Amino acid sequence: MSELRKLSREGVSLPEDPDDFLRDLGGPTAILVPGRDRSRSRAVTTLLHGNEPSGFRAVHAWLRSGAVPAVDALLVIANVEGALTVPPQRCAPGRRDLNRCFLGPWDDADGALARDLLDTLEAARPEALVDLHNNSGHNPAYGVGVDASPEALQVVSFFADRFVLSHLALGALMEALPHPPSATIEVGRAGDPAADAVALSGLERLLDCERLFEPGFEPLVQVLQMPMRAELRGAPRLAVADTARAGFDFTLRADLDHHNFERVEPGALLGWCTEASLPLRLVAEDGADHAADYFALQAGELRAARSFVPIMITTDPAAAAQDCLFYVVEE
Ligand SMILES: [Zn+2]
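All values derive from a computational prediction rather than experimental measurement.

Caption draft 1: Examining the coordination of the zinc ion more closely. Each protein donor to the zinc ion is listed here as His49 (ND1), Glu52 (OE), Glu52 (OE) and His133 (ND1); together their distances run 2.0 to 2.6 Å. Geometry at the zinc ion is irregular, judged from its four donor atoms and the angles of 54 to 142 degrees they form at the metal. All donors of the zinc ion belong to a single chain; written as a sequence motif, their spacing is H-x2-E-x80-H. Taken together, the residues His49 in the loop between strand 3 (37-46) and helix 2 (54-65) and His133 in strand 5 (residues 129-135) connect sequence positions 84 residues apart.

Structural data, given as structure tokens:
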């Protein structure tokens, strides 16, 4: 079942265990909770990716708290099927990545669900929209999106003090719904209690705040621009380790992951490579490859050729091969 169910708060059972809550939902669900002011609403989407549970855990805990929101709250728990797969998956087997479906086509199960979600969110006319995600790796919480307006940064500020401005057109929810101030929040690593805490505390404050945009508001959020994707060049055998791994073409330094959002200085060691050419491409939003400006290969060591800030570093070789190793941003 992948049709979006629309429930009122009374229509939702709230067992103590969040996983029981998911099993009871059974499929994608939107829950409307009436606020103190019924003339306005705010929307929060969670679990567009089934293996990113912090958002739905926050929704579950918040619903159980019995709090009454300042304005109507529309809470979406999307990819319940992916989350109920064992182990939880970004998308259920045979399905598309839901957060790549929001620019159409609409003619399969995930397209139809994306269309239904968009229609439901548009009908609610929320004054703000937040989409909660987790990522892999040791990242602080940060917002990411196409909108760096003061209103959007104000929404981010409930969860994070950093924002990555990205123009990558992927079919994500935020690209399809540009009208309300909106932000995608990566609250931290899936399964990390700190990430769950960021999601819950942000959700509580976002839903309890009487006025999001008081005259003269000034969100204290650092904006990072122009992400470039560091991707593997070709299909080298990739390892992630503390020293060069025998039998692998490229070994990424394992502790790089602890330096997300920190400035890397020229000469910093990034990994080890047995090939004579750079193992990475660094692709800008216009498709140009800047790897030769940022990385240098000397005596089998991959080093930073100039200062830069890496973010979203993954140390999972499979994820790195499928997607990318990290992004590079400008402050
Ligand atoms: Zn995600």
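Caption draft 2: A look at the pattern of salt bridges. Taken as a whole, this structure holds 22 salt bridges when the rule is applied. Between Arg40 and Glu127 there is a salt bridge, with the nearest N and O atoms lying 3.3 Å from each other. Of this pair, Arg40 sits in strand 3 while Glu127 is found in the loop between helix 4 (109-124) and strand 5, placing the two residues 87 residues apart along the sequence. With respect to class, Arg40 is no different from Glu127; both count as buried. Here Asp119 makes a salt bridge to Arg115, at a shortest N to O gap of 2.8 Å. Residue Asp119 and its partner Arg115 are both found in helix 4; the two are separated by four residues, about one turn of the helix. Here the salt bridges do not stand alone but share partners, grouping Asp37, Arg40, Arg42 and Glu127 into one network.

Criteria and thresholds
Residues numbered from 1 in each chain as written. Predicted model: local features only at pLDDT ≥ 70, side-chain atom pairs only at ≥ 80, totals over all residues. Heavy atoms only, no water. Donors = N, O, S within 2.8 Å, 3.2 Å for Na, K, Ca; no water. Tetrahedral: all angles 85-135°; square planar, octahedral: opposite > 155°, others 65-115°. Helix = DSSP H or I, 4+ residues; strand = E, 2+ residues; numbered from the N terminus. Salt bridge = Lys/Arg side-chain N within 4 Å of Asp/Glu carboxyl O. Buried < 20%, exposed > 50% of the residue type's maximum accessible area, 1.4 Å probe, protein only.

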